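# Reading the structure
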Amino acid sequence: MPLLEIENLTVSFQTAGGQFTAVDRVSLHIEPGEIVSVVGESGSGKSVAMLALMGLLPWTATVTADVLRFAGQDMQTIPKQELRKIIGSKMAMIFQEPMTSLNPCFTVGFQLTESLKIHLGLNRAQRKARAIELLELVGIPEPQKRLSAFPHQLSGGMNQRVMIAMAISCDPQLLIADEPTTALDVTIQAQILDLLLKLQKEKGMSLVLITHDMGVVAETAERVAVQYAGQQVEKQPVKGLFSSPHHPYTQALLNSLPERSDSKILPSIAGVVPGQFDKPKGCLFSPRCEYVTDHCRTTPPQIGPESFGRALCHYPLKDGKPTNYPKEEAK
Ligand SMILES: Nc1ncnc2c1ncn2[C@@H]1O[C@H](COP(=O)(O)OP(=O)(O)O)[C@@H](O)[C@H]1O
Ligand SMILES: [Mg+2]
C-alpha cells in the first residue's frame, strides 16, 4: 500500500482578481521508504500542493481531490484533531527559509522540545536528552550549548539543521523537504542534502524533495514529477527523465544544467511561469516552448489518469524530437 496517495489535487485561491488555480489536478503516489522529487520553477504550485496536503493553507484556498490519503487515512474527512496529531509527527515538513520558519523569540532548545512535549508527551528531562540527541544526529557541534542559542546566533546552515532536527523529532513516516537548500550557500547545500539522504536511509522514511534544481534531482531521487504552472507535465524514473525527457519543459530544464551545455553562455528558458493574469488559453507552456504550433496555442493538452511515463504535450518528445509533429512546423 502506498504511504501517500494524491489523485487530482486541485487548489484555487479566491483573490481580488477572481479565482486563481494554483494547483491543477496533480497526482502523486509514494511508497514507504521512497524518495520522490517534485521539480519546477518558482510559482509552479509545488509548495501550495504540499501545504494543501497538510491542511496549512489560508481560508481563501479551495482544495479538492479525488484521493488524498496518508497511511490509509483519508485526509479530507479526517477530524481536525486527528490531523493535528499527524502533522508534525507522522508527516513533517522542512521549509525553504529556516530564518522565517524558526521563531526568533525562542531558543533552539525550546522550539525543539515543544513538539516533543505535544506529540510524544515526554517529561522535561527526557525532552532535553532527546533534543541533544537530535542536534547530534543532524551534525550540530556542542549540542548541549546550542540548546540555549537563539536562531539569529546560528548560521543559515545550522538553522536548517535545527529545522531538520525538529522535522524528524517524532520519527515521521513522510518528510516533505520544500527547497531545503535554496536559501543556503552552495557548499552548505551539498552538506544539507547529504544529511537528508543519510537520515532518510537510516530511518527508512519516505522523502518528497521539492526543488527547482535538476542537479539536486539527479543526485537524490528515484522518481520525479515535473510541475509547471500548477500542472504536472511529466512523471518518470530519474534515469529515464534524464536520458529521454518527454516534455519540452523538462528538456529545457535539463538543457539549462551547466554540465549539459557546451556553450560558454548557460542556456535559460526565456520568459516566466504564467500567473493569475497571463495564463495562456492552450498549453500553459506554449509561450515559452520551442516546438509551439497554433494547435498548442488554442487547445490545452490532456493526459489520461495513467500518466506515469507520459507527458502533458500534443507532441511528446521521443529521442529529443517531437512526435506527431505537423510537417509544415518542422524547421
Ligand atoms: N495565499 C495565496 N493566495 C493567492 N495566490 C497564492 C497564494 N499562495 C500562493 N499563491 C500563488 O500560487 C502559485 C504557486 O505558488 P507556490 O506553490 O508557492 O509555487 P512554488 O512553490 O512552485 O514556487 C503562485 O502563482 C503564487 O503566487
Ligand atoms: Mg515553493
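Starting from 1, residues in each chain are numbered consecutively following that chain's sequence as written. For this description, chains carry letters from A and ligands carry numbers from 1, given in the order in which they are written. Where local features are concerned, this predicted model is filtered to residues with pLDDT of at least 70; where side-chain atom pairs are given and counted, the filter is 80 or more; whole-chain, interface and lining totals use all residues. Derived side-chain values reflect all non-hydrogen atoms in the structure, with water molecules and hydrogen atoms excluded from consideration.

Turning our attention to the overall build of the protein chain. Scanning the protein chain for helices and strands turns up 12 helices and 13 strands. Radius of gyration means the value over C-alpha atoms here, while the globule rule gives 2.2 Å times the residue count to the 0.38 power. Relative to its length of 331 residues, the protein chain is compact, with a C-alpha radius of gyration of 21 Å against a globular reference of 20 Å. Along the longest, intermediate and shortest principal axes, the C-alpha atoms of the protein chain span 75 × 50 × 40 Å. Categorising residues by exposure relies on relative accessible area from a 1.4 Å probe, with only protein chains included: less than 20% of the type maximum marks a residue as buried, more than 50% marks it as exposed, and the intermediate range marks it as partly exposed. Taken over 331 residues, the protein chain has a buried fraction of 52%. Contact definition: two residues touch when any of their heavy atoms are within 4.5 Å. The long-range fraction of contacts in the protein chain, counting pairs at least 24 apart against all pairs at least 6 apart in sequence, stands at 64%. Residue burial considers only the protein chains on display, and all accessible areas are found by Shrake-Rupley using a 1.4 Å probe. Looking at the protein chain as shown, the accessible area adds up to about 16,200 Å², and 54% of this sits on carbon and sulfur atoms. Each helix is a run of H or I in the DSSP string that is no shorter than four residues. Each strand is a run of E no shorter than two, and both are numbered from the N terminus.

This next bit is on the site of ligand 1. Here a residue counts as near a molecule or strand whenever at least one of its heavy atoms sits within 4 Å of it. Neighbouring ligand 1 are Phe13, Phe20, Ala22, Glu41, Ser42, Gly43, Ser44, Gly45, Lys46, Ser47, Val48 and Pro58. In protein, a polar contact requires one atom able to donate a hydrogen and another able to accept it; more generally it is a pair of N or O atoms within 3.5 Å, and residues adjacent in sequence count only if both atoms are side-chain atoms. With respect to ligand 1, the backbone of Ser44 contributes an N or O atom lying 3.0 Å from an oxygen atom. In the model, an oxygen atom of ligand 1 is placed 2.8 Å from a nitrogen or oxygen of the Ser47 side chain. In the complex, 66% of the free accessible area of ligand 1, which totals 560 Å², lies under the protein chains. Among the secondary structure elements, those contributing two or more residues to the shell around ligand 1 are strand E2 (18-30) and helix H1 (46-53). Among the elements that make up the shell around ligand 1, the one with the highest residue count is H1 (3 residues).

For the rest of this paragraph, the subject is the side chain of Gln231. Mapping Gln231 onto the fold places it in strand E11 (residues 231-237). If near-sequence neighbours (up to four positions away) are discounted, Gln231 is found in contact with Asp24, Arg25, Val226, Leu284 and Leu312.

Another point: the packing of aromatic side chains. One pair of aromatic rings is described through two measures. These are the centre distance and the angle between the planes. Any pair of Phe, Tyr and Trp rings, taking the six-membered ring for Trp, is counted once the centres come within 6.5 Å. Such a pair is stacked with planes under 30 degrees apart, edge-to-face with planes over 60 apart, and tilted for the rest. Inspection of every chain in the model, using the stated rule, returns 6 aromatic pairs. Consider the rings of Tyr249 and Phe285, whose centres lie 5.1 Å apart with planes at 65°: the pair is edge-to-face. Residue Tyr249 is located in helix H11 (residues 248-255), and its partner Phe285 is located in the loop between H11 and helix H12 (294-298); the two are separated by 36 residues in the primary sequence. A relative accessible area of 0% places Tyr249 in the buried class.

Right, let's talk about the nonpolar core for a bit. Across soluble globular proteins, nonpolar side chains show a tendency to be buried alongside one another. To define a nonpolar core, start from buried Ala, Val, Leu, Ile, Met, Phe, Trp, Tyr and Cys residues and group those joined through side-chain atoms within 4.5 Å. With 65 residues, the main nonpolar core has Leu175 and Met214 as its most contacted residues. With 6 residues, the single largest contributor to this core is helix H7 (residues 156-168). The contact partners of Leu175, leaving out residues within four places of it in the chain, are Ala92, Met93, Ile94, Ala167, Ile168, Leu196, Met205, Ser206, Leu207 and Val208. Counting residues in each nonpolar core, the second largest holds 37 residues, with Leu3, Ile6, Ala65 and Ile176 among its members.

Another point: the packing of helix H5 (residues 124-137) against H7. Axis definition: a line fitted to C-alpha atoms, limited for helices to the stretch in contact. Angles are taken between N-to-C directions and run from 0 to 180 degrees. The interhelical angle for the contact between H5 and H7, taken along N-to-C directions, is 125°, at an axis separation of 9 Å. Taken together, the axes of H5 and H7 lie oblique to each other. Our pair here, H5 against H7, has a crossing hand that is right-handed. Residues Arg130, Leu134, Leu135 and Leu137 of H5 form the contact with H7, whose participating residues are Val162, Ala165 and Ile168. Residues of the contact of H5 with H7, tallied by class, amount to 6 nonpolar, no polar and 1 charged. Each angle is binned into one of four classes, with values under 35 degrees roughly parallel, values over 145 roughly antiparallel, values of 65 to 115 roughly perpendicular, and all other values oblique. Less than a right angle of anticlockwise turn of the near helix away from the far helix marks a crossing as left-handed, whereas a clockwise turn marks it as right-handed. All amino acids are sorted into three groups, where Ala, Val, Leu, Ile, Met, Phe, Trp, Tyr, Cys and Pro are nonpolar, Asp, Glu, Lys and Arg are charged, and the leftover types, Gly among them, are polar.

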